[in-house]
Amino acid sequence: MAIPALFKNRLRLPIIGAPMFLASSPELVIAQCHQGIAGCFPALNARPATTLADWIARIKTALANFDETNPSSP
């Protein structure tokens, strides 16, 4: 099975951090991604629903900043 283009040269191990109801958060996803695994969370964890867009933006910003300061990190 081929690795999707989104993950090419970004994963250290083919691992996905399990989305845990009420436990997964942007901080956990960011930490997982910094370690080279795919982090995720259930959308229902972002309550109220309007919070979801904020969480996604926070994750994208943190990962973009990490990529800038760690260009050789997968």
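You'll find the structure just up there.
Residues numbered from 1 in each chain as written. Predicted model: local features only at pLDDT ≥ 70, side-chain atom pairs only at ≥ 80, totals over all residues. Heavy atoms only, no water.

Caption draft 1: Here's a closer look at the nonpolar core. Core analysis: the largest hydrophobic core is formed by 8 residues, namely V29, I30, F41, A46, W55, I59, A62 and L63. Mapped onto this core, the elements with two or more residues apiece are helix 1 (26-34) and helix 2 (51-69). By residue number, the principal contributor to this core is helix 2, which donates 4 residues. Dropping the residues within four chain positions of it, F41 is found in contact with P19, S24, S25, V29, L52, W55 and I59. (Core = buried A, V, L, I, M, F, W, Y, C linked by side-chain atoms within 4.5 Å. Buried < 20%, exposed > 50% of the residue type's maximum accessible area, 1.4 Å probe, protein only. Helix = DSSP H or I, 4+ residues; strand = E, 2+ residues; numbered from the N terminus. Contact = heavy atoms within 4.5 Å.)

Caption draft 2: Layout of unusual backbone geometry. The omega angle of the peptide bond from R47 to P48 is 0°, so this bond is cis rather than trans. Positionally, P48 belongs in the loop between helix 1 and helix 2. Even without glycine at this site, L22 takes up a positive phi of about 70°. When you line up the elements, L22 lands in the segment before helix 1. With a relative accessible area of 59%, L22 lands in the exposed category.

Caption draft 3: View of the environment of A2. With respect to the helices and strands, the residue A2 is situated in the segment before helix 1. As a C-alpha pair, A2 and T69 span 67 residues in sequence and 29 Å in three-dimensional space.

Caption draft 4: Local environment of the side chain of S24. By the secondary structure assignment, S24 is in the segment before helix 1. Here M20 takes part through its backbone nitrogen, which lies 2.8 Å from a polar atom of the side chain of S24. (Polar contact = N/O pair within 3.5 Å; in protein donor to acceptor, adjacent residues only side chain to side chain.)

Caption draft 5: Seen up close, the pattern of salt bridges. Across all of its chains, the model carries 1 salt bridge by this definition. Between E27 and R58 there is a salt bridge; the shortest N-O distance is 2.6 Å. Linking E27 in helix 1 with R58 in helix 2, this pair joins segments that are 31 residues apart in sequence. For E27, a relative accessible area of 48% gives the class partly exposed. Note on R58: relative accessible area 39%, which makes it partly exposed. (Salt bridge = Lys/Arg side-chain N within 4 Å of Asp/Glu carboxyl O.)

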